[in-house]
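Chain residues, written in single-letter form:
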Amino acid sequence: QHYFIQSNLRLTSFIMGQMGWCKISLLTTSLLLIIGGTISLIICGVVISRPNFHGAKFKAGTCQLTTTEDMDYDAAPLESCNCGGGDEECRSFYPCITVEGLYKEDGSNDFLPGTFHYNYESLVKECFVVPACTSSFVSNQVLVERIWTRMYKALDDMGEFKCWGKDGKLYLWMDYTMAKGYMGVFIPLACMVVGIGVGVLFLRW
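Computed from a predicted model, the values in this text were never measured in an experiment.

Asker: Please clarify how the state of the cysteines should be interpreted in this entry.
Answerer: Chemically, a disulfide is nothing more than a covalent bond linking the sulfur atoms of two cysteines. Inspection of the entire model under this criterion finds 4 disulfides. Disulfide pairing places Cys-63 opposite Cys-163 at an S-S distance of 1.9 Å. Here the disulfide of Cys-63 and Cys-163 is right-handed, its torsion about the S-S bond being about 80°. Here Cys-163 lies in strand E6 (residues 160-166) and Cys-63 lies in strand E1 (residues 59-65), a separation of 100 residues in the sequence. Through a disulfide, Cys-81 is tied to Cys-133; the S-S separation comes to 2.0 Å. What sets the handedness of the Cys-81 and Cys-133 disulfide is the S-S torsion sign, and at about 60° it is right-handed. Of the two residues, Cys-81 is situated in strand E2 (residues 78-82) and Cys-133 in the loop between helix H2 (120-125) and helix H3 (137-158); the sequence distance between them amounts to 52 residues. Ordinal numbering of bonded cysteines along the chain defines a disulfide pattern of 1-8, 2-7, 3-4, 5-6.

Asker: Where do I start with the environment of Pro-113 in this structure?
Answerer: Mapped onto the fold, Pro-113 is located in strand E5 (residues 112-117). By relative accessible area, Pro-113 is classed as exposed at 64%. Not counting the four nearest positions on each side in its chain, Pro-113 is found in contact with Gly-101, Leu-102 and Gly-168.

Asker: What am I meant to see in the pattern of salt bridges here?
Answerer: If charged atoms from side chains of opposite charge come close, those side chains can pair. Scanning all chains against the criterion turns up 3 salt bridges. Of the charged contacts, one joins Asp-106 and Lys-162 as a salt bridge, the two residues approaching to 3.9 Å between their closest N and O atoms. Of the two residues, Asp-106 is situated in the loop between strand E4 (100-105) and E5 and Lys-162 in strand E6; the sequence distance between them amounts to 56 residues. On the accessibility criterion, Lys-162 (47% relative accessible area) is partly exposed. Between Asp-167 and Lys-166 there is a salt bridge, and its shortest N-O distance comes to 2.8 Å. For Lys-166, a relative accessible area of 29% puts it in the partly exposed group.

Asker: Would you take a moment to explain the sheet that holds E6 for this structure?
Answerer: The strands making up a sheet are joined through hydrogen bonds of the backbone, oriented either antiparallel or parallel. Taken together, the 5 strands give a closed barrel; going around it, the order is E1-E4-E5-E7-E6, and neighbouring strands pair in mixed fashion. Averaged over all pairs of adjacent strands, the angle between strand axes in this sheet comes to 50°, irrespective of strand direction. Bridge count between E1 and E4: 5 bridges; the pairing is antiparallel. Within E4, the position partnered with Thr-62 by the bridge is Lys-104.

Asker: Looking at this structure, how should I read the nonpolar core?
Answerer: Among soluble globular proteins, nonpolar side chains are generally buried collectively. Leu-65, Ile-97, Val-99, Phe-116, Phe-128 and Trp-148 are the most contacted members of the largest nonpolar core, which has 21 residues in total. Those elements that provide at least two residues to this core are E1, H3 and E6. If one sorts the elements of this core by residue count, H3 sits on top with 6 residues. Apart from residues no more than four positions distant in its own chain, Val-99 is found in contact with Leu-65, Thr-67, Met-71, Gly-114, Thr-115, Phe-116, Phe-128 and Trp-148. Counting 6 residues, the second largest nonpolar core, distinct from the first, contains Tyr-120, Leu-123, Trp-164 and Tyr-176.

Asker: Please explain unusual backbone geometry as it appears in this structure.
Answerer: Trans peptide bonds make up the majority, and among non-glycine residues the majority have a negative phi. Positive phi values are uncommon outside glycine, yet Glu-126 reaches one of about 60°. In this structure, Glu-126 sits in the loop between H2 and H3.

Asker: Any chance you could explain the confidence of the model for the chain here in plain terms?
Answerer: Close reading of the predicted structure is inappropriate where its pLDDT is low. On average, residues of the chain score 79 in pLDDT, and 71% of them are at 70 or above. Contacts for the low-pLDDT stretch residues 1-19, under 50 throughout, to residues beyond four places or in other chains number 1 contact.

Reading the values: rules and limits
- Residues numbered from 1 in each chain as written.
- Predicted model: local features only at pLDDT ≥ 70, side-chain atom pairs only at ≥ 80, totals over all residues.
- Heavy atoms only, no water.
- Disulfide = S-S within 2.5 Å.
- Helix = DSSP H or I, 4+ residues; strand = E, 2+ residues; numbered from the N terminus.
- Buried < 20%, exposed > 50% of the residue type's maximum accessible area, 1.4 Å probe, protein only.
- Contact = heavy atoms within 4.5 Å.
- Salt bridge = Lys/Arg side-chain N within 4 Å of Asp/Glu carboxyl O.
- Pairing = 2+ DSSP bridges.
- Axes fitted to C-alpha atoms, helices over the stretch in contact; angles between N-to-C directions.
- Core = buried A, V, L, I, M, F, W, Y, C linked by side-chain atoms within 4.5 Å.
- pLDDT = per-residue confidence, 0-100.

If you want it as structure tokens, here you go:
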């Protein structure tokens, strides 16, 4: 009988220990999902959702270039950029060139002036393109020059070409969609909801 009681005590202790470990695991999982979801929501909101929600509002149309191939890079204003990844002390510069054109929305007969932008980042900077930043200003300028020269030759040969515009800002292609914008919000929110659900399970245990 004494042995039977000891065995039951050991079994009870083992079960309680396992339950305690499960509670700790649930709490840890809940916190990681909530914190990770919150951080992801902020990052994805800035990097994914905002550019896509903004770009999805642009309307398809027809464009023409009015800027010539010869660009005065020395006269272009300079924009700073971070050339060291996470090292904020590494700063460099690049020429912020402006590329102008005319835009006519599909279904309209009127061409309106606008400026072309390579992507959302360059649109925010109000430049044609933001190059991959290096510590050398000369290298940055060469990158900008190469991109513009290549784009000019392709677009000038076409005369009129498809583009997307809104409020005088023009994109040469459209990779931004509302679906991508919602995905950037939905996935982090789903992680947070799961984390909260796990937390509720922990509290009710």
